[in-house]
Amino acid sequence: MRLDKFLKVSRIIKRRTVANDACDAEHVTVNGRRAKASYDVKEGDVLEITFGQRTLKVRVLDVKEHVAKADASALYEVIS
């Protein structure tokens, strides 16, 4: 699954266009490397998303196309 779509499906970022813009602005890294929105997310990847001064680091646990809002947080675990 594309990185921008995963960020939207997991509800880390609310809209796919915003997720795409964050990737283009180099606010998202995968396994320590800058990633484009088209990066193919896999289980075990470590994502680091920068929101202004705050940084969110998560590990991908599962990749699904559609998830209920209540189950979205089960797709990743927060590292820091």
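Look above for the structure.
First things first, this report covers the structure right here in the doc. Given the structure is predicted, the values throughout are model-derived calculations rather than measurements.

**Considerations on the environment of Ala35**
Structurally, Ala35 is set in the loop between β2 (33-34) and β3 (46-51). The exposure class of Ala35 is buried, given its relative accessible area of 7%. Separated by 15 residues in the primary sequence, Ala35 and Thr50 have C-alpha atoms spaced 13 Å apart. When residues no more than four places from it in sequence are discounted, the contact partners of Ala35 are Leu3, Cys23, Val28, Thr29 and Val30.

**Regarding the side chain of Asp4**
As for its placement among the helices and strands, Asp4 is situated in helix α1 (residues 3-9). Since its relative accessible area comes to 2%, Asp4 is described here as buried. A distance of 3.4 Å separates a polar atom in the side chain of Asp4 from a polar atom in the side chain of Arg16. Those residues within four positions of Asp4 in sequence are excluded, and the remaining contacts are Arg16, Ala19, Asn20 and Ala37.

Cut-offs and rules
Residues numbered from 1 in each chain as written. Predicted model: local features only at pLDDT ≥ 70, side-chain atom pairs only at ≥ 80, totals over all residues. Heavy atoms only, no water. Helix = DSSP H or I, 4+ residues; strand = E, 2+ residues; numbered from the N terminus. Buried < 20%, exposed > 50% of the residue type's maximum accessible area, 1.4 Å probe, protein only. Contact = heavy atoms within 4.5 Å. Polar contact = N/O pair within 3.5 Å; in protein donor to acceptor, adjacent residues only side chain to side chain.

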